[in-house]
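# Inside the fold
The residues making up each chain are set out below.
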Amino acid sequence: MRRGPSRPATDAVAATSAFADVAAPAVVPAEAPPVREQLRTEFAFELPRGYVDNNGTVHREGVMRLATARDELVPLRDLRVQENPAYLSVVLLGRVITRLGTVEHMHDGVVENMFASDLAFLQDFYRQVNAEGHTRAGVSCPHCEQPFEVELGGSRLGES
């Protein structure tokens, strides 16, 4: 049984297309999420000589993390640091070195028993890591405008 006049096939396609245009939501390309820069908080190093543990094992490869304000403040309450300010770097490095070879528990006693050349290396490495990779800044003379570099780091760890 027919219910009204039959439409040609082209009218049916046109009606379907028109309906599809109205019913289908517009496809809008999604904006790419903003690229988040990851903050690097750990830095690998290799000691020039290496820490020798009680068993005679040499440990050279390690990891140092970024220092926090607490890392620089807590050692100031340490009696060893109060009696001898040069001990600050030993206590501070013991806090921020998270791994050294296969040493199970990293602490200031390990740093205390390192060779002087390794301690000097770690002090410089600490300054570089915590000063975003360098301790020098480019500036220019206010009088002659000649560019030059200045040292930003202090003379001891924990100083700026």
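All residue numbers refer to positions counted from 1 along the written sequence of the respective chain. Reporting in this predicted model follows two pLDDT cut-offs: at least 70 for local features of residues, and 80 or more for side-chain atom pairs to be given and counted; totals over whole chains, interfaces and linings ignore these cut-offs and use all residues. The side-chain values count all of the structure's non-hydrogen atoms but skip hydrogen atoms and water molecules.

The name given to the protein chain in an unreviewed UniProt entry is Secreted protein, with Streptomyces paludis as the source organism.

### Some points on the nonpolar core
Applied cut-off: Residue types Ala, Val, Leu, Ile, Met, Phe, Trp, Tyr and Cys, when buried and joined through side-chain atoms within 4.5 Å, form a set referred to as a nonpolar core. Using a 1.4 Å probe on the protein chains alone, a residue whose accessible area is under 20% of its type maximum counts as buried, one over 50% counts as exposed, and one in between counts as partly exposed. Secondary structure follows DSSP: runs of H or I at least 4 residues long count as helices, runs of E at least 2 residues long count as strands, and numbering of each begins at the N terminus. Throughout, a contact is declared for two residues whenever any of their heavy atoms are within 4.5 Å.
Ranked by internal contacts, the top residues of the largest apolar core, which has 24 residues, are Phe45, Met64, Leu93, Ile97, Leu100, Met114 and Leu122. Breaking this core down by element, the ones donating at least two residues are strand S1 (42-52), helix H4 (88-96), strand S3 (97-100), helix H5 (108-112) and helix H6 (116-130). If we ignore the near neighbours within four places in the chain, the residues touching leucine 122 are Phe45, Leu47, Met64, Leu93, Ile97 and Met114.

### Focus: the sheet that holds S3
Under the convention used in this document: The pairing criterion is simple: DSSP has to find at least two bridges between the two strands. Each axis is a line fitted through C-alpha atoms, taken for helices only over the stretch in contact, and angles between the N-to-C directions span 0 to 180 degrees.
A sheet is described by the order of its strands in space; here 3 strands give the open sequence S1-S2-S3, paired in antiparallel fashion. Bordering the open sheet on either side are S1 and S3, each of which pairs with just one other strand. Along the sheet, successive strands turn relative to each other by an average axial angle of 25°, direction set aside. When strand S2 (residues 58-65) meets S3, the two strands line up antiparallel, connected through 3 bridges. Looking across to S3, one finds that valine 63 is bridged to arginine 99. Across the sheet, H6 is in contact with S1, S2 and S3; its angle to S1 comes to roughly 170°.

### Considering the pattern of salt bridges
For the record, the criterion: Should a side-chain nitrogen of Lys or Arg be within 4 Å of a carboxyl oxygen of Asp or Glu, the pair is scored as a salt bridge.
Across all of its chains, the model carries 5 salt bridges by this definition. With its nearest N and O atoms 2.8 Å apart, the salt bridge here joins arginine 80 to aspartate 108. You can see arginine 80 sitting in helix H3 (residues 79-83) and its partner aspartate 108 sitting in helix H5, a full 28 residues away along the chain. Accessibility expressed as a relative area gives 34% for arginine 80, which makes it partly exposed. Its salt-bridge partner being arginine 127, residue aspartate 124 comes within 3.1 Å of it at the nearest N-O pair. Separated by 3 residues within a single helix, aspartate 124 and arginine 127 lie in helix H6, roughly one turn from each other. Overall, the relative accessible area of 43% leaves aspartate 124 in the partly exposed class. Sharing partners across several salt bridges, the network here consists of Arg65, Asp71 and Arg95.

### With respect to the packing of aromatic side chains
Note the following rule: Only centres within 6.5 Å qualify two rings of Phe, Tyr or Trp (six-membered ring in Trp) as a pair; their planes then separate them into stacked at under 30 degrees, edge-to-face at over 60, and tilted for everything else.
If you walk through the whole model with that rule in mind, you get 3 aromatic pairs. Here phenylalanine 45 and phenylalanine 121 contribute two aromatic rings whose centre-to-centre distance is 6.4 Å and whose plane-to-plane angle is 55°, an arrangement assigned as tilted. Pair noted here: phenylalanine 45 is in strand S1 and phenylalanine 121 is in helix H6, with a separation of 76 residues, a long-range link. According to the relative accessible area criterion, phenylalanine 121 is partly exposed, its value standing at 26%. Members of the aromatic cluster, connected to one another through ring pairs, are Phe45, Phe121 and Phe125.

### Some words on H6
The condition is simple: A helix is expected to span 1.5 Å multiplied by its residue count minus one.
Compared with an ideal rise of 1.5 Å per residue, which puts 15 residues at 21 Å, H6 spans 21 Å between its outermost C-alpha atoms and is within 8% of the ideal. Taken together, the buried residues of H6 touch S1, S2, helix H2 (69-73), H4 and S3.

### Focus on unusual backbone geometry
The residue glutamate 145 is not glycine, and still its phi comes out positive at about 65°. Summarising the element assignment, glutamate 145 is placed in the loop between strand S4 (136-140) and strand S5 (147-151).

### Quick word on the confidence of the model for the protein chain
To keep it simple, the criterion reads: Per-residue confidence from the predictor is reported as pLDDT, which spans 0 to 100.
Of the residues in the protein chain, 69% reach a pLDDT of 70 or more, and the chain-wide mean stands at 81. Mean pLDDT across the secondary structure elements of the protein chain bottoms out at helix H1 (residues 9-23), with 52, and peaks at S3, with 98. Scored below 50 in pLDDT, residues 152-160 shows 21 contacts in the model against residues more than four places distant or in partner chains.

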